[in-house]
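The lines below spell out each chain.
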Amino acid sequence: MDVRLSAEQQALREAAARLVDDHAPGSVAELDDAARTARLEAALTGSGWRELRAPEDEGRPLASAVETAIVAEELGRGPADASFLGPTLATELRRRAGAEPATALETVLLRPDLSGLVVVEDEQTRCSGVAIDARGVASALALVRTGHGYDLVGVPVAGASPGRDLTRPAAMVEGAAPERLPGAGRRLLTAEDIEAWSAFTLALTCADLVGTMRGAVDLAREYASVRRQYGKAIGSFQSVQHMLADAFVSIEGSSSVTRHAAWAADTLPPGEALAAAAVAKAYCARAAREVCETAIQVHGGIGMTWECLAHIHLRRALLSTQVLGDVGANLARVVAHRKIGGVHDGLR
Amino acid sequence: MDFADSPEEAAFRARLRAWLAENNPKLPQSSTADEYWDGQAPWHRALYDAGFFGLSWPEEIGGHGLPSVYEAIVDEELAQAGAPPRPSLGYLVQGMMRHGGQDVRRRFLPGLVSGRERWCQGFSEPDAGSDLASLRTRAVPRGDEYVITGHKVWTSYSDEADWCLVLARTDPDVPKHRGLSAFAVRMDQPGIEQRPLKMINGVTREFGEVIFDGAVAKASDMVGSPGEGWRLAMTVVSHEREPGELGYVARYSKAVNELVDRLRSAPGRFTEENVRDVAWAVVEAEMLRLHVCRRLSDRLDGISHGPEGSVDKLLMTRVEQAVGHAALGMSNLTGGIEEDTWLKMYLYSRAQSIMGGTSQIQRNLVATRILGLPVA
Ligand SMILES: Cc1cc2nc3c(=O)[nH]c(=O)nc-3n(C[C@H](O)[C@H](O)[C@H](O)COP(=O)(O)OP(=O)(O)OC[C@H]3O[C@@H](n4cnc5c(N)ncnc54)[C@H](O)[C@@H]3O)c2cc1C
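Predicted model only: the values in this text are computed from it and were never measured. (Residues numbered from 1 in each chain as written. Chains lettered and ligands numbered in written order. Predicted model: local features only at pLDDT ≥ 70, side-chain atom pairs only at ≥ 80, totals over all residues. Heavy atoms only, no water.)

Colleague: Quick rundown of the interface of chain A and chain B? Include the residues and the values.
Modeller: With 46 residues of chain A in contact, the opposing surface of chain B contributes 56 residues. Here chain A meets chain B over a buried area of about 4800 Å², counting both sides, of which 65% is carbon and sulfur. It is Met 1, Arg 4 and Arg 338 of chain A in chain A that bury the most area against chain B; as a group they hold 18% of the surface buried on that side. At the boundary of chain A with chain B, the tally comes to 5 salt bridges. (Contact = heavy atoms within 4.5 Å. Buried area = accessible area lost by both parts, 1.4 Å probe. Salt bridge = Lys/Arg side-chain N within 4 Å of Asp/Glu carboxyl O.)

Colleague: Could you give an account of the domain arrangement of chain B, with specific residues and numbers?
Modeller: Residue and element names in this part refer to chain B. Considered domain by domain, chain B is made up of domain 1 (7–95), domain 2 (119–226) and domain 3 (236–370). Taking only C-alpha atoms into account, the centre of domain 1 sits 19 Å from that of domain 3. Contacts between the two partners involve 24 residues from domain 1 and, on the opposite side, 26 residues from domain 3. Taking both partners together, domain 1 and domain 3 bury about 2200 Å²; carbon and sulfur atoms supply 62% of that area. When the buried surface of domain 1 facing domain 3 is broken down by residue, Gln 29, Thr 32 and Tyr 91 rank first, second and third, together holding 27% of it. (Domains from an automatic or database assignment.)

Colleague: Outline the site of the ligand, supporting the account with residue identities and numerical values.
Modeller: Near the ligand you find 19 residues, and of these Ser 124, Ser 130, Trp 154, Thr 358 and Gln 360 of chain B are the closest. Two or more chains meet at the ligand, and those chains are chains A and B. Contacts to the ligand include Thr 358 of chain B, whose side-chain N or O atom sits 2.7 Å from an oxygen atom. Alone, the ligand offers 980 Å² of accessible surface; in the complex the protein occludes 69% of this. At the level of elements, strand E3 (145–156) and helix H12 (359–370) of chain B are the ones that each hand at least two residues to the shell around the ligand. Two domains each provide a minimum of three residues to the shell around the ligand, namely domain 2 (119–226) and domain 3 (236–370) of chain B. (Near = heavy atom within 4 Å. Polar contact = N/O pair within 3.5 Å; in protein donor to acceptor, adjacent residues only side chain to side chain. Areas by Shrake-Rupley, 256 points an atom, 1.4 Å probe, with all protein chains shown as cover. Helix = DSSP H or I, 4+ residues; strand = E, 2+ residues; numbered from the N terminus.)

Colleague: Explain the UniProt feature "domain: Acyl-CoA dehydrogenase/oxidase N-terminal" (unreviewed entry) in chain A to me, and be specific about the residues and the numbers.
Modeller: With numbering aligned to this structure, UniProt lists the feature "domain: Acyl-CoA dehydrogenase/oxidase N-terminal" (unreviewed entry) at residues 6–82 of chain A. Annotated as residues 6–82 of chain A, this span is 57% helix and 0% strand, and its ends, taken at the C-alpha atoms, are 27 Å apart. (UniProt positions renumbered as here; feature names shortened; annotations may be inferred.)

Colleague: So what about helix H2 (residues 34–47) of chain A? Which residues, and what values?
Modeller: Residues and elements named next belong to chain A. With 14 residues, H2 ought to run about 20 Å at 1.5 Å a step, and its terminal C-alpha atoms sit 20 Å apart, in line with that. Taken as a whole, H2 has its buried residues at Arg 36, Thr 37, Leu 40 and Leu 44. Projected down its long axis, H2 carries its buried residues within an arc of 95°, all on one side. Pointing more than 90 degrees away from the buried face of H2 are the exposed residues Ala 34, Ala 42 and Gly 46. Its buried side turned inward, H2 meets helix H1 (7–23) and helix H3 (65–77). Where H2 begins, the side chain of Asp 33 points an oxygen toward the backbone nitrogen of Ala 35, at a separation of 3.1 Å. Just beyond H2, the residue with positive phi is Gly 48, at close to 75°. (Expected span 1.5 Å × (residues − 1). Buried < 20%, exposed > 50% of the residue type's maximum accessible area, 1.4 Å probe, protein only. Arc of directions from axis to C-beta.)

Colleague: Pulling in residues and values, what's your account of the UniProt feature "domain: Acyl-CoA oxidase/dehydrogenase middle" (unreviewed entry) in chain B?
Modeller: Here the UniProt-annotated "domain: Acyl-CoA oxidase/dehydrogenase middle" (unreviewed entry) positions come out as residues 120–213 of chain B. Helix makes up 0% of residues 120–213 of chain B and strand 50%, and the two end C-alpha atoms of the span are 18 Å apart.

Colleague: I'd like a rundown of empty space enclosed by the protein, residues and numbers included.
Modeller: Residues and elements named next belong to chain B. In the structure shown here, the tally under the stated rule is 5 cavities of 30 Å³ or more. Reported here for the largest cavity is a volume of approximately 80 Å³. Lining the largest cavity are Gln 29, Ser 31, Arg 251, Tyr 252, Ala 255, Glu 320, Val 323, Gly 324, Met 345, Tyr 348 and Ser 349. (1 Å grid on protein atoms, 1.4 Å probe; cavity = no way out; pocket = protein on both sides within 12 Å on 5 of 7 lines; lining within 4 Å. Points joined across faces, edges and corners; volume = space filled by probe spheres on them.)

Colleague: If you had to explain the packing of aromatic side chains to someone new, which residues and values would you point to?
Modeller: Residue and element names in this part refer to chain B. For the structure on display, the rule yields 14 aromatic pairs over all chains. On the numbers, 5.5 Å between centres and 50° between planes, the contact of Trp 19 with Phe 52 is tilted. Placement of the pair is Trp 19 in helix H1 (residues 7–23) and Phe 52 in the loop between helix H2 (36–49) and helix H3 (69–81), with a sequence separation of 33 residues. Note on Trp 19: relative accessible area 16%, which makes it buried. Ring centres 4.9 Å apart and planes at 65° place the aromatic pair Phe 108 and Trp 163 in the edge-to-face group. Here the residue Phe 108 occupies a position in helix H5 (residues 102–114), and Trp 163 occupies one in strand E4 (residues 163–169), the gap between them amounting to 55 residues. Trp 163 matches Phe 108 in its accessibility class, with the two residues each being buried. In this structure an aromatic cluster arises from ring pairing among Phe 12, Trp 19, Trp 43, Phe 52 and Tyr 70. (Phe/Tyr/Trp six-rings, centres within 6.5 Å; stacked < 30°, edge-to-face > 60°.)

Colleague: Any chance you could break down the layout of surface pockets for me, citing the residues and the numbers?
Modeller: Empty space within the second largest pocket amounts to approximately 1000 Å³. In terms of lining residues, the second largest pocket is bounded by 34 residues, among which Glu 272 and Arg 338 of chain A together with Gln 80, Glu 286 and Arg 289 of chain B are the most central. Of all the secondary structure elements, the ones that give two or more residues to the lining of the second largest pocket are helix H6 (238–267), helix H7 (270–298) and helix H9 (327–337) of chain A together with H1, H3, helix H8 (248–265) and helix H9 (272–298) of chain B. A per-element tally of the lining of the second largest pocket places H8 of chain B first, with 7 residues. Tallied by class, residues from the lining of the second largest pocket come to 17 nonpolar, 5 polar and 12 charged. (Nonpolar A, V, L, I, M, F, W, Y, C, P; charged D, E, K, R; others polar.)

Colleague: An account of unusual backbone geometry is requested, with residue identities and associated values reported.
Modeller: Residues and elements named next belong to chain A. Residue Pro 79 is reached from Gly 78 by a cis peptide bond, and omega for that bond is -10°. Relative to the helices and strands, Pro 79 is located in the loop between H3 and helix H4 (85–97). Its identity as a non-glycine residue notwithstanding, Leu 324 has a phi of 60°, on the positive side. For Leu 324, the location among the structural elements is in the loop between helix H8 (310–322) and H9.

Colleague: Which residues make up the pattern of salt bridges, and what values go with them?
Modeller: Within this structure, the stated rule accounts for 59 salt bridges over all chains. Measuring nitrogen to oxygen at the nearest pair gives 2.9 Å for the salt bridge that ties Arg 294 of chain B to Glu 252 of chain A. With Arg 294 of chain B in helix H9 and Glu 252 of chain A in helix H6, the pair connects residues from two separate chains. Glu 252 of chain A shares its class with Arg 294 of chain B; the two are buried. Within this structure, Arg 53, Glu 92, Arg 95, Arg 96, Arg 187, Asp 193 and Asp 266 of chain A form a network of salt bridges that share partners.

So, in structure tokens, the structure goes:
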């Protein structure tokens, strides 16, 4: 056992951090700065990081889930308003199915509550759902059930608009006709493939949450050092210090479970990987809401204004939380895995 | 980055697992039963003699000089087997190793590590808890010895101990942090009186008061140099905050396995709330296991520890108290406290945010030493 990041992984983190520091929005107003978003988009495309899960020899991904999670965390910290999660998840689905790479930016189509991929019973059924992280995206992948497994289908995506998360607009898809992917040699996905993909997805959302928490605490810590009341920096008040200390502690715990979930996604059998991911997601999602709320609290009234970045972090956390199941859904996975369910409350 | 065992680690794990299958003394939790202490010393010696204790410590003190990650394997296997955790004395070892001279290290550490000599830690006093540096116990030189007078409290396992690592004031004329020195003091001597304290959960062997009234320590039993006591105490308490040093992953994982078994044994008896509390205990304990893997891996770089011990103490406290809350849900309202292990476990869990420096003190340290916020 040696769970330190390798030198290459450290270097990747530094490169991703640099990209984010150069191009992520430094204020809420900058979210609307088209020239900046174009620069961020160009830099991310240039980095090739959206293709980390593209197949190399024998279908293995170019980079491990640990590396992918490192990039996701830094983009979350940004917060980077360019699509990464959606395209990475789509690439991962294509890799598992042995499908040819997409020709344009693509994401995944999730059920309206974002709890999982949209699955239709046949190709005649129309698809509805949410194409997450859809900035600059042309299509989204869903699944069609066949007798022997699941095949990939695509639906066109247009008109992404910011909802809960202002950094990662989503697009509603209503009644779109699914199209079979072109090309041959693709294989059907099994339930185990979907489990493994879900574990990978959860691990990436955890990494995004860890990054979001870091961004929120950095923001609050900076503010606590400059804002003065009673003639002192508010960061010298013990109650403010203790809120931020607890937030930092939550980030550290979240980092440890996320590192394991990312490792597990490529290493453990799908059921075990999913269990590790569920532990991580329950932990990180619970922590993230609290940490982002702390960031608002530390800002006082300023924290309630649209112009303060704190709500941008909170909103991003709320979306990442929802993808493939929130705190409760993942705690339910833990209950199922440890076989401690099957209860009644004695009253019903 | 790999959580999996290397071939050597896997072989070690298999050897330990086989040994545990034959040698698990099946003691109750120390936090809930005084009987634990009747079996703890033989358990410590058995674990040591079989080569499974002190893995990452130097060979000259009885350790094995292995990478620190071996400790994580020991904790996992102890929990899996439902065996007692490894003895929590790493913080004393670290303090004496770092501050004790050659002679002190050679005389005391092998006995401490092998379990042949038992130790307690006499730092806190009635008027010096969080503000430890204000302690009043005096050590006055007389010939080639020191005479110790003072009152220590909450001294854990003092009735088991052959030795006490006592922090005492040797120089009242300098600022409070600078006038302290540490001594190895024999517990079986006339100038020492022990008064056991009963904890809120009824156990009586967790801690006690120790009154020093003219007890003596040889000058050569001073640990570190005169005035080095504060720095030694900080080394000790900072390691006391590290779950990897304490072996607490095994404690919590074992408790969680017991909670899981309890739920499975009586499905339908518990509420959804109870199940949720146990699920959180599972999540928290797993977090700590993974966190300790991370910290012990970082030590492979030779990074030992710093203020992040306070982070780990706060994480560990959340785990213990989540386990405590889940245990409370298992407790039987009609039974007396004598039998109610779950209630005892819950009540004991409240100690974790107090001992080894309270949670408030840890948060002060995280805020100022790690986050760089201005000292109030
Ligand atoms: C189970 C157990 C085992 C122990 N074992 C040992 C042992 O083996 N050896 C030993 O020497 N000691 C031991 N202790 C003692 C322990 O270290 C002290 O209890 C602890 O340091 C707190 O000191 P205190 O009890 O005097 O509380 P106080 O210092 O009186 O604190 C009371 C309250 O005030 C708060 N407070 C105090 N100062 C501050 C501040 N600056 N900022 C914010 N809040 C503050 C505290 O957080 C706490 O809530 C043990 C304690 C327990 C409970």
